[in-house]
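Remarks on the overall topology
Chain by chain, the residues run as shown.
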Amino acid sequence: MKKHLFTALLLLAAGFSEARETLPHESAAAETLRFTPATAPEIRFVGRAARSDDGALSFDWSGTYFSFRFEGTRCAMRAADSKRNYYNVFVDGKPHGKVTAEGPAKTIVLAEGLPHGVHTVLVQKRTEGEQGRTTLFAVGSDGPLLDAPQAPGRHIEFIGDSHTCGYGTEGKSPKEPFTPETENCDLAWGCIIARYFDADYTLIAHSGQGIVRNWGDEKEVSDCTMRERMMRTFDMEETPLWDFAQYRPDIVVIKLGTNDFSTGMPSREQFDASFGEMYALLRRRYGDVPILYVVPQNCDAYYDYLRATIRTLGDPNLHAVPHLAPINDQTDDLGAGYHPNLRGQCKMAAAVIPYIATLAGWPMPQDRPIRERGITGHPDAARTDIKKSGGIPERDAAASFAGNASVRIIRPPRRLLRRKAARTRRDLPPRVATRSSRRPPHAGRRWRRADRTAARRAPKAAPASGCRRPGHRGTAPGVRRPPLRSRTGPHRPPEVRRTTCKHPARRFCRRSRSVSGRSAYDSSSPRSCR
């Protein structure tokens with residue numbers, strides 16, 4: 001009896017060690033977590049996946065995500081991966097960190113040390129299918145799982161290439177080589193648009209793919225493009241085909257063409273054949289759902305092709321919009337591998353949002369900025385206004401913080417703040433362009449020549465101000481400066497007439513004029529020009 005019991009314990013320990021986490025204090029965390037199968041109704045899954053009989057989900061498309069609610073302080077997932085994939089973790093609508101799924105099945109801690117209470121967790125696959133296929137077995141927490149988060153009721157499907165995958169979005173320089181760590185679909189234009197409309201999304205995207213031919217392909221028409229890939233359950237496997245009855249999006253947005261032009265411009269006949277096949281498949285699977293084709297920059301020929309195709313088909317739910325060059329510049333808008341970074345992706349999203357709002361019939365909230373980060377459908381999602389008008393006013397920011405929203409206030413550049421501080425500084429007088437203030441008592445011709453040179457080089461126009469100090473930049477436009485003349489002796493002119501100075505720093509302005517018109521400096525009082 002003891003022998004059989006000892007054997008059973010060994011088997012149990014071996015099975016647990018195989019599914020153990022690789023992070024510190026994993027064993028203690030796994031012992032206290034209660035796991036729920038991935039297909040349970042408490043877990044909301046969005047994206048294409050294959051279900052197994054044991055309740056596991058397998059998927060590889062970029063942007064696939066699942067969410068759940070639980071009451072407790074920590075949670076984890078039990079998953080395996082054929083290669084290595086990176087995942088974004090959001091807790092209560094805020095970015096919490098990044099985890100890695102790699103190798104055989106193990107328990108991966110998603111969040112721990114949270115305040116005890118009810119939390120909403122979203123886990124998003126940030127890398128694309130080339131990095132491997134993930135199998136999700138279960139989700140665990142130290143408290144009970146609650147009802148799944150409510151669906152927003154909107155769904156957008158994006159069909160695209162590396163721009164949709166978020167290829168290199170976290171790169172610091174265009175010359176930086178691409179690595180999977182710099183790929184983040186959450187910062188790509190598709191996810192940005194979905195967050196703006198509080199909609200679910202599906203990314204059917206693969207880097208280097210086109211609609212006629214792929215990147216660098218010498219063939220005029222590639223053997224496998226997004227025409228074929230969009231029919232699959234897995235990005236990297238031809239079978240099984242996807243069951244399109246699982247969901248029906250409200251709108252399909254296609255952005256393909258950059259890779260088609262890598263080896264030359266496709267002909268009108270080649271594009272019509274390839275797009276006609278894709279269009280027919282989408283109409284057969286999704287019915288009369290609106291289709292918006294976003295033509296990338298530098299692919300103007302595709303826009304002309306599409307306009308002619310739309311006129312020929314006569315489909316009122318088929319539309320095209322171009323990303324006219326230069327929508328992105330070649331310096332600040334590029335990340336790793338010369339692909340758009342977050343700044344460039346936000347510009348691409350902002351150019352498409354009005355068309356989606358019109359075609360889908362969704363309003364554009366006036367008080368909702370385009371958000372850089374956050375999760376779909378959560379009121380606490382982090383967001384950032386990308387407008388260059390100075391950001392969110394302080395009173396609006398205070399209201400947002402009071403409503404538990406994470407808002408980043410965009411402030412003026414530091415150089416503007418430094419200039420403003422210099423203008424309003426009270427400990428130093430304004431800078432003088434002349435050398436008169438350093439003139440010795442017995443000045444000669446050399447100093448008079450220096451004064452005339454400084455007057456010629458002084459700016460002719462400046463912001464409206466009443467200060468007429470020699471060489472001062474606050475002179476009002478149109479006011480002519482008096483000639484600069486040096487004192488000829490050690491004594492100040494006996495009669496001095498005060499002039500009114502309207503400059504903000506007027507208490508430091510010692511400009512005055514004598515009855516004879518000569519320049520003089522009254523250093524007896526710091527308020528001499530009032």
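Since the model is a prediction, treat every value here as computed from it, not as a measurement.

Digging into the overall build of the chain
If you tally the helices and strands in the chain, you get 11 helices and 19 strands. Across the 530 residues in the chain, those meeting the buried criterion constitute 49%. Taking as baseline every contact in the chain between residues at least 6 positions apart, the subset at least 24 positions apart corresponds to 70%.

Regarding the packing of helix α4 (residues 189-196) against helix α8 (residues 342-360)
Orientation of α4 relative to α8, taken along the N-to-C sense of each, is 50°, at an axis distance of 8 Å. Here α4 lies oblique to α8, going by the angle between them. For the crossing formed where α4 meets α8, the hand is right-handed. Together, Trp189, Ile192, Ile193 and Tyr196 of α4 and Leu342, Gln345, Cys346, Met348, Ala349, Val352, Ile353 and Ile356 of α8 make up the contact between the two elements. Taken together, the residues of the contact of α4 with α8 sort by class into 11 nonpolar, 1 polar and no charged.

Considering the confidence of the model for the chain
For the chain, the average pLDDT comes to 76, and 65% of its residues sit at 70 or higher. Under a pLDDT of 50 for its full length, residues 462-466 has, in the predicted model, 20 contacts with residues more than four places off or in other chains. With pLDDT under 50 throughout, residues 506-530 is counted as low confidence; its partners more than four residues away or in other chains account for 66 contacts.

Points about helix α6 (residues 268-286)
Owing to its 3.6 residues per turn, the α-helix aligns residues three or four sequence positions apart on the same side. If you check α6, its first and last C-alpha atoms are 26 Å apart, about what 19 residues at 1.5 Å a residue would give, namely 27 Å. Every buried residue of α6 is accounted for by Gln270, Phe271, Ser274, Phe275, Met278, Tyr279, Leu281, Leu282, Arg283 and Tyr286. For α6, the secondary structure elements touched by its buried residues are β10 (155-160), α5 (226-229), β12 (251-255), β13 (291-295), α7 (300-313) and β14 (318-322). Just downstream of α6 lies glycine 287, where phi reads positive at about 70°.

A few points about the packing of aromatic side chains
Two measures describe an aromatic ring pair: the distance that separates the ring centres and the angle between the ring planes. Enumeration over the complete set of coordinates arrives at 17 aromatic pairs. Here phenylalanine 244 and tyrosine 286 contribute two aromatic rings whose centre-to-centre distance is 5.5 Å and whose plane-to-plane angle is 70°, an arrangement assigned as edge-to-face. Here the residue phenylalanine 244 occupies a position in the loop between α5 and β12, and tyrosine 286 occupies one in helix α6, the gap between them amounting to 42 residues. According to the relative accessible area criterion, tyrosine 286 is buried, its value standing at 2%. Clustering of aromatic rings is evident, with ring pairs tying together Phe261, Phe271, Phe275, Tyr279, Tyr293, Tyr302 and Tyr305. Lying across the ring of phenylalanine 35, arginine 78 places its NZ or CZ 3.9 Å from the centre. When the ring centre of phenylalanine 234 is taken as origin, the NZ or CZ atom of arginine 133, which lies over that ring, is 3.8 Å away.

A closer look at the side chain of threonine 64
Within the secondary structure, threonine 64 is located in the loop between β4 (57-59) and β5 (65-72). With a relative accessible area of 4%, threonine 64 lands in the buried category. There is a polar contact of 2.9 Å between the side chain of threonine 64 and the backbone oxygen of tryptophan 61. The contacts of threonine 64, once residues within four sequence positions are left out, are Phe45, Val46, Gly47, Phe59, Val123, Gln124 and Lys125.

Here we look at the pattern of salt bridges
Pairs may arise between side chains of opposite charge once their charged atoms sit close together. Enumeration over the complete set of coordinates arrives at 15 salt bridges. Between glutamate 157 and arginine 48 there is a salt bridge; the shortest N-O distance is 4.0 Å. Of this pair, glutamate 157 sits in strand β10 while arginine 48 sits in the loop between β2 (44-46) and β3 (50-51), and the two are 109 residues apart along the sequence. Across the pair, arginine 48 and glutamate 157 agree in class, each one buried. Linked by salt bridges that have partners in common, Asp332, Asp333, Arg343 and Lys347 make up one network.

Describing the pairing of strand β11 (residues 200-205)
Across the 6 residues of β11, 6 count as buried, placing the element largely inside the fold. Burial of β11 is two-sided: the residues Asp200, Thr202 and Ile204 facing one way and the residues Tyr201, Leu203 and Ala205 facing the other way are all buried. Two elements, β10 and β11, share 6 bridges in a ladder whose sense is parallel. Directly across from glutamate 157, in β11, lies its bridge partner threonine 202.

Conventions used here
- Sequence positions are assigned chain by chain, starting from 1 and proceeding in written order.
- Where local features are concerned, this predicted model is filtered to residues with pLDDT of at least 70; where side-chain atom pairs are given and counted, the filter is 80 or more; whole-chain, interface and lining totals use all residues.
- To get the side-chain values, all heavy atoms of the structure are used, and hydrogens and water are removed first.
- Strands here mean DSSP runs of E at least two residues long; helices mean DSSP runs of H or I at least four residues long; both are numbered from the N terminus.
- Partly exposed describes any residue whose relative accessible area lies between the buried limit of under 20% and the exposed limit of over 50%, with all areas from a 1.4 Å probe on protein chains only and scaled to the type maximum.
- Contact definition: two residues touch when any of their heavy atoms are within 4.5 Å.
- Between N-to-C directions, angles span 0 to 180 degrees; the directions come from axes that are lines fitted to C-alpha atoms, helices contributing only their stretch in contact.
- Reported orientations rely on four angle classes, namely roughly parallel under 35 degrees, roughly antiparallel over 145, roughly perpendicular from 65 to 115, and oblique for the rest.
- Should the near helix be turned anticlockwise from the far one by less than a right angle, the crossing is termed left-handed; should it be turned clockwise, right-handed.
- Only Asp, Glu, Lys and Arg are considered charged in this grouping, and only Ala, Val, Leu, Ile, Met, Phe, Trp, Tyr, Cys and Pro are considered nonpolar; every other residue, Gly among them, is considered polar.
- On a range of 0 to 100, pLDDT expresses the predictor's confidence in each residue.
- Take the residue count of a helix, subtract one, and multiply by 1.5 Å to get its expected span.
- To pair, rings of Phe, Tyr and Trp, with the six-membered ring standing in for Trp, must have centres within 6.5 Å; the planes then decide the type, stacked if under 30 degrees apart, edge-to-face if over 60, and tilted in the middle.
- Only lysine NZ and arginine CZ atoms are considered, and such an atom sits over a ring when it is within 6 Å of the ring centre and within 35 degrees of the ring normal.
- Side-chain atoms alone can form a polar contact between residues adjacent in sequence; in general such a contact is a pair of N or O atoms within 3.5 Å, and within protein one must be able to donate a hydrogen while the other accepts it.
- A side-chain nitrogen of Lys or Arg and a carboxyl oxygen of Asp or Glu constitute a salt bridge if their distance falls within 4 Å.
- When DSSP finds two or more bridges between two strands, those strands count as paired.

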